[in-house]
Amino acid sequence: MTPLIAVRDLSKIYPTAKGERVQALSRISLDIAQGEFVSLVGPSGCGKTTVLRILAGLIADYTGNVSVSGKALHGPSREVGVVFQDANLMPWRTAMANVMLPAEVLGLNRKQARLRAQELLSMVGLEGFERKLPMELSGGMRQRVAIARALVHDPAVLLLDEPFGALDAMTRDTMNVELSRIAAASRKTVFLITHSIAEAVFLSDRVLVMSSRPGRIVEVIENPLPRPRGLDIIADPAFAATVLRIRRLLDAEGSTGAPSIAH
């Protein structure tokens, strides 16, 4: 079966202001199947966000091959939706208007897109908040709007770059439960960048572990935990064992992971 996302021998070198060359990524290869939830963890500065930005089509000058839905990726694609750590909502637009923005940019049928936006706002738990401005929403609610916005044009893939990193611990735990539910409800393929080992284990079908720079995949961890998952799963011995396994891999790379979902 052809993977939804296929990466082969991906390498990336950044030039510095002094004319030097810094290798960020080294010969990364990975496959992600339709409907899979995959997380990428690794030491700070290892190139995790560079991988995500390449998959988002925001970085073009790399070596290797990247394809989404069987098509080579050469720039931003309608097949991909992206959510960053900052929700980046337009402050003068309501929640509904923010969600509708990609549909407007892409010239989608307005009536159909609005129905889709309403469905998504309901799916992320924001029914009744359609006319609220970002300043009237909590941090977690703003990120839910950002997720709905990333899905409104019905992409095949949802890319998430530390989407809950700025939230407090309790809100982040709640949002992880919500993200797991949303991913299951939308049946999207999800690729998450996170610094939190426990968050990755809680959410993912597989966890990819990166080395320190130049970033490469050093291990692929299959997650044994059943779905659906609630916060009580952190008491499961398999959860603790998987977190510990990943922690040891990262310790070997000079990094430590987080002991809880939120941290």
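Residues numbered from 1 in each chain as written. Predicted model: local features only at pLDDT ≥ 70, side-chain atom pairs only at ≥ 80, totals over all residues. Heavy atoms only, no water.

A.B. asks: Any details on the overall build of the protein chain? Residues and values, ideally.
C.D. replies: Along the backbone of the protein chain there are 7 helices and 10 strands. Expected size for 263 residues packed as a compact globule is a radius of gyration near 18 Å; at 18 Å, the protein chain falls within 12% of this value. Reported as C-alpha extents along the three principal axes, the dimensions of the protein chain are approximately 50 × 45 × 40 Å. A buried classification covers 50% of the 263 residues belonging to the protein chain. Sequence separation of 24 or more characterises 70% of the internal contacts of the protein chain that already satisfy a separation of 6 or more. Carbon and sulfur atoms provide 53% of the accessible area of the protein chain, an area that totals close to 12,400 Å². Of the charged side chains in the protein chain, 31 are positive and 26 negative; the average position of the first set lies 5 Å away from that of the second. (Helix = DSSP H or I, 4+ residues; strand = E, 2+ residues; numbered from the N terminus. Rg over C-alpha atoms; globule rule 2.2 N^0.38 Å. Buried < 20%, exposed > 50% of the residue type's maximum accessible area, 1.4 Å probe, protein only. Contact = heavy atoms within 4.5 Å. Areas by Shrake-Rupley, 256 points an atom, 1.4 Å probe, with all protein chains shown as cover. Lys, Arg positive; Asp, Glu negative; His and termini not counted. Charge placed at Lys NZ, Arg CZ, Asp CG, Glu CD.)

A.B. asks: Tell me about the layout of surface pockets, and name the residues and values.
C.D. replies: Of the voids in this model, the largest pocket is the one considered here, and its volume is about 540 Å³. Elements represented by at least two residues in the lining of the largest pocket include exactly β6 (80-83), α2 (95-106) and α4 (139-151). Tallied by class, residues from the lining of the largest pocket come to 15 nonpolar, 4 polar and 3 charged. If you add up the space inside the second largest pocket, you get close to 180 Å³. In terms of lining, the second largest pocket is formed by 13 residues, of which the most central are Ser 180, Arg 181, Ala 183, Ala 184 and Arg 227. With 4 residues, helix α5 (residues 169-186) is the single largest residue contributor to the lining of the second largest pocket. (1 Å grid on protein atoms, 1.4 Å probe; cavity = no way out; pocket = protein on both sides within 12 Å on 5 of 7 lines; lining within 4 Å. Points joined across faces, edges and corners; volume = space filled by probe spheres on them. Nonpolar A, V, L, I, M, F, W, Y, C, P; charged D, E, K, R; others polar.)

A.B. asks: An account of the environment of Ala 185 is needed here, citing residue identities and associated values.
C.D. replies: Within the secondary structure, Ala 185 sits in helix α5. Classification of Ala 185 as partly exposed rests on a relative accessible area of 48%.

A.B. asks: Talk me through the side chain of Asn 98; I want residue IDs and the actual numbers.
C.D. replies: Topologically, Asn 98 is positioned in helix α2. Those residues in contact with Asn 98 that lie beyond four places of it in its chain are Leu 89, Met 90, Arg 93, Pro 134, Val 145 and Arg 149.

A.B. asks: Outline the nonpolar core, listing residues and values.
C.D. replies: Within the largest apolar cluster, 51 residues are counted, with the highest numbers of intra-cluster contacts made by Ile 147, Leu 158, Phe 239 and Ile 246. Residue contributions to this core peak at 7 residues, all from α4. Other than its neighbours up to four places away in sequence, Leu 158 contacts Gly 81, Val 83, Ile 147, Ala 150, Leu 151, Thr 189, Val 190 and Phe 191. Ile 5, Cys 46, Ala 56 and Ala 156 belong to the second largest nonpolar core, which has 30 residues in total. (Core = buried A, V, L, I, M, F, W, Y, C linked by side-chain atoms within 4.5 Å.)

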